[in-house]
2 protein chains.
Amino acid sequence: MSGPAIILVRPQLSENIGTAARAMLNCGLTDMRIVAPREGWLSEKAIASASGADRVLLSARIFEQTKDAVADLNRVWATTGRDRYMTKPVDTPREAAAHMRMAESKGQRFGVLFGPERTGLENDDVAVADTVLTVPLNPDYCSLNLAQAVLLVSYEWHQGGVEGSLPPMTKGSEGPAAKEKLIFFFEHLERELDACGFLRVPDKRPVMVRNIRNMFQRANLTGQEIQTLHGIVHELVTYRHKKGKVESP
Amino acid sequence: MSGPAIILVRPQLSENIGTAARAMLNCGLTDMRIVAPREGWLSEKAIASASGADRVLLSARIFEQTKDAVADLNRVWATTGRDRYMTKPVDTPREAAAHMRMAESKGQRFGVLFGPERTGLENDDVAVADTVLTVPLNPDYCSLNLAQAVLLVSYEWHQGGVEGSLPPMTKGSEGPAAKEKLIFFFEHLERELDACGFLRVPDKRPVMVRNIRNMFQRANLTGQEIQTLHGIVHELVTYRHKKGKVESP
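Residues numbered from 1 in each chain as written. Chains lettered and ligands numbered in written order. Predicted model: local features only at pLDDT ≥ 70, side-chain atom pairs only at ≥ 80, totals over all residues. Heavy atoms only, no water.

Re the packing of aromatic side chains
Right, on to step 1. Inspection of every chain in the model, using the stated rule, returns 8 aromatic pairs over all chains.
Right, on to step 2. Seen from their ring centres, Phe110 of chain A and Trp157 of chain A are 5.9 Å apart, and the 50° between their planes marks the pair as tilted. Separated by 47 residues along the polypeptide, Phe110 of chain A in strand E6 (residues 110-114) and Trp157 of chain A in helix H7 (residues 146-162) bring together distant segments of the chain.
Right, on to step 3. One aromatic cluster in this structure is built from Phe185, Phe186 and Phe216 of chain A together with Phe185, Phe186 and Phe216 of chain B.
Right, on to step 4. A cation sits over an aromatic face here: Arg101 of chain A above Trp157 of chain A, 3.6 Å from the ring centre. (Phe/Tyr/Trp six-rings, centres within 6.5 Å; stacked < 30°, edge-to-face > 60°. Helix = DSSP H or I, 4+ residues; strand = E, 2+ residues; numbered from the N terminus. Lys NZ or Arg CZ within 6 Å of the ring centre and 35° of its normal.)

This is how it looks when you write it as structure tokens:
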């Protein structure tokens with residue numbers, strides 16, 4: 001088990017617990033802790049909104065007080081939007097994630113407190129934490145709901161582990177063709193453009209050819225796509241040949 | 001007005017539209033566009049779940065088709081979890097945010113497509129986009145809901161994106177054309193390909209059209225380049241008309 005414990009303090013609505021579970025599992029987190037929930041965390045609403053992440057709810061641990069829920073942790077963040085007039089360091093989710101990765105590499109355990117939907121954490125809850133966690137948002141409207149706050153914190157944790165590991169292209173692609181195939185297509189296209197008169201002005205021809213090549217060049221065409229382009233040009237051209245009424249120029 | 005347009009394609013539930021509006025405004029975004037919503041975007045449910053972000057809903061623009069919703073944009077991302085076997089570059093939300101900042105600095109307009117809750121975007125919607133946007137998540141459970149996906153993309157935009165890790169720009173100084181110009185060219189090309197018989201097999205037509213669009217899409221064509229392509233197609237075709245020996249099909 002790795003990553004932060006997600007600690008919901010006195011959550012009001014069971015569907016928010018479910019949606020928070022979903023956000024956690026999306027980011028590979030499973031250690032959910034709940035302090036004095038007002039509604040059941042295994043209610044039908046909770047399960048429905050967890051949308052398949054039931055196992056997070058099933059393994060959630062319930063505590064009476066915040067201090068019990070953080071007892072085994074070495075480091076705790078408290079999420080809050082408002083200023084609490086406490087002298088504590090403040091992290092963004094991204095900064096917190098970096099600190100968490102560091103803590104994990106030292107074998108430490110850590111977690112993040114999230115307050116009730118309407119009021120947020122009480123000062124006594126915040127006091128238990130080492131660091132305040134605040135999401136930088138639109139100063140004129142910062143009304144994150146509980147599950148959204150859980151998502152952003154979990155997401156930043158998860159990004160710290162996967163940064164740069166996406167393939168640059170969708171998996172289905174075969175990758176750009178060898179240049180000789182592209183050049184072969186260029187020659188085919190230019191032959192036909194000469195024939196139909198598109199490149200008829202000798203002065204402009206080199207620039208036009210270069211511009212046309214640049215366009216296709218930039219598309220990083222696969223071998224199969226180049227075949228399609230051959231087909232398109234061929235078909236547009238042989239159409240008139242097939243009809244047998246226009247001579248090959 | 002700055003930042004990406006958030007384009008909800010055929011959203012099913014009005015509360016998800018509301019929650020998406022809330023996520024947007026949290027991150028300072030206000031340009032919401034909705035393609036063929038199933039339920040009202042100004043319903044009581046939508047307003048309630050927007051939780052004070054009504055002005056995003058009130059100013060939302062409604063379109064019948066995806067292509068109309070992106071007509072004025074220079075650059076479009078399509079969010080998708082599944083692999084679509086299309087050859088397109090893939091961005092994480094953070095990478096997309098960095099590209100968006102760059103596009104904005106050049107005065108370009110851009111947006112992100114989000115699909116319906118149950119099914120996600122259709123391949124024809126994805127084909128309209130330049131880049132696929134995928135959130136790196138727990139591979140064993142990646143079931144983001146619509147508003148959560150909107151939140152992560154908006155959040156990364158707001159955070160300012162990654163600095164200093166960008167691929168060099170491959171575009172000319174003019175920048176990519178607005179999508180309506182590209183779509184107009186696609187329609188021109190496809191009309192001619194229908195006429196000459198290249199797209200004659202009805203079963204294969206949709207996939208072929210999508211593949212062809214994807215190729216050109218990827219090249220980030222400028223307005224001038226699109227004009228050149230119109231010219232190429234026109235010339236290849238009118239050549240046979242000019243000769244007066246082949247009838248217009």
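Now that the structure has been shown, the text picks up again.
What about unusual backbone geometry?
Glycine aside, the phi torsion of most residues is negative, and most peptide linkages are trans.
All names here are of chain B.
Right, on to step 1. Positive phi values are uncommon outside glycine, yet Ala36 reaches one of about 40°.
Right, on to step 2. The topology assignment puts Ala36 in the loop between strand E2 (32-35) and helix H2 (44-50).
Right, on to step 3. Of note in this structure, Ser51 is not a glycine but carries a positive phi near 50°.

Here's the deal with the interface of chain A and chain B
Right, on to step 1. The interface of chain A with chain B comprises 69 residues on the first partner and 70 residues on the second.
Right, on to step 2. Of the roughly 6200 Å² buried between chain A and chain B on both sides combined, carbon and sulfur atoms contribute 61%.
Right, on to step 3. Inspection of the chain A/chain B interface yields 5 salt bridges.
Right, on to step 4. In this assembly, chain A and chain B are joined by 24 residue pairs in polar contact (both at pLDDT 80 or more).
Right, on to step 5. Put simply, the parts of the chain that give the side of chain A that touches chain B at least two residues each are helix H1 (14-26), helix H5 (93-105), H7, helix H8 (179-196), helix H9 (205-218) and helix H10 (223-242) of chain A.
Right, on to step 6. Broken down by element, the residue count for the side of chain A that touches chain B peaks at 10 residues, all from H10 of chain A.
Right, on to step 7. Classifying every residue of the side of chain A that touches chain B gives 36 nonpolar, 19 polar and 14 charged. (Contact = heavy atoms within 4.5 Å. Buried area = accessible area lost by both parts, 1.4 Å probe. Salt bridge = Lys/Arg side-chain N within 4 Å of Asp/Glu carboxyl O. Polar contact = N/O pair within 3.5 Å; in protein donor to acceptor, adjacent residues only side chain to side chain. Nonpolar A, V, L, I, M, F, W, Y, C, P; charged D, E, K, R; others polar.)

With respect to the nonpolar core
One broad rule of soluble globular proteins: the nonpolar side chains tend to lie buried together.
Right, on to step 1. Counting residues in hydrophobic clusters, the biggest one holds 74 residues, and the most contacted among them are Leu8 and Met32 of chain A together with Leu8 and Met32 of chain B.
Right, on to step 2. In contact with Met32 of chain A, other than residues within four places in its own chain, are Ile6, Leu8, Ile17, Ala20, Ala21, Met24, Val56, Leu57, Ser59, Ala60 and Arg61 of chain A.
Right, on to step 3. In this structure, Tyr239 of chain A together with Leu182, Cys196 and Ile212 of chain B belong to the second largest nonpolar core, which totals 44 residues. (Core = buried A, V, L, I, M, F, W, Y, C linked by side-chain atoms within 4.5 Å. Buried < 20%, exposed > 50% of the residue type's maximum accessible area, 1.4 Å probe, protein only.)

A few points about the sheet that holds E2 of chain B
Residues and elements named next belong to chain B.
Right, on to step 1. One open sheet accounts for 7 strands, arranged E3-E2-E1-E6-E4-E7-E5; its pairing is parallel. Of all strands in the sheet, those with a lone pairing partner are strand E3 (61-63) and strand E5 (90-91), marking the two edges.
Right, on to step 2. On the sheet, helix H7 (residues 146-159) packs against strand E1 (5-9), strand E4 (75-79), strand E6 (110-114) and strand E7 (131-133) and is oriented at approximately 160° with respect to E6. (Pairing = 2+ DSSP bridges. Axes fitted to C-alpha atoms, helices over the stretch in contact; angles between N-to-C directions.)

Quick look at the confidence of the model for chain A
Right, on to step 1. Per-residue pLDDT for chain A has a mean of 86; in total, 88% of the residues score no lower than 70.
Right, on to step 2. Across residues 244-249 of chain A, confidence stays below pLDDT 50; counting only partners more than four residues off in sequence or on other chains, it has 16 contacts. (pLDDT = per-residue confidence, 0-100.)

Some remarks on H1 of chain A
Residue and element names in this part refer to chain A.
Right, on to step 1. The terminal C-alpha atoms of H1 lie 19 Å apart, and with 13 residues this matches the ideal 18 Å at 1.5 Å per residue to within 8%.
Right, on to step 2. Most of H1 sits out of view: 12 of its 13 residues are buried.
Right, on to step 3. All buried positions along H1 are accounted for by Ser14, Asn16, Ile17, Gly18, Thr19, Ala20, Ala21, Arg22, Ala23, Met24, Leu25 and Asn26.
Right, on to step 4. Where H1 ends, the next residue or the one after it, Gly28, has phi of about 80°, a positive value. (Expected span 1.5 Å × (residues − 1).)

As for the pairing of strand E4 (residues 75-79) of chain A
All names here are of chain A.
Right, on to step 1. Counting buried residues in E4 gives 4 out of 5 residues, a clear majority hidden from the surface.
Right, on to step 2. Sheet topology places E4 next to strand E7 (residues 131-133); 3 bridges connect them, and they run parallel. Along E7, the bridge assignment pairs Trp77 with Thr131.

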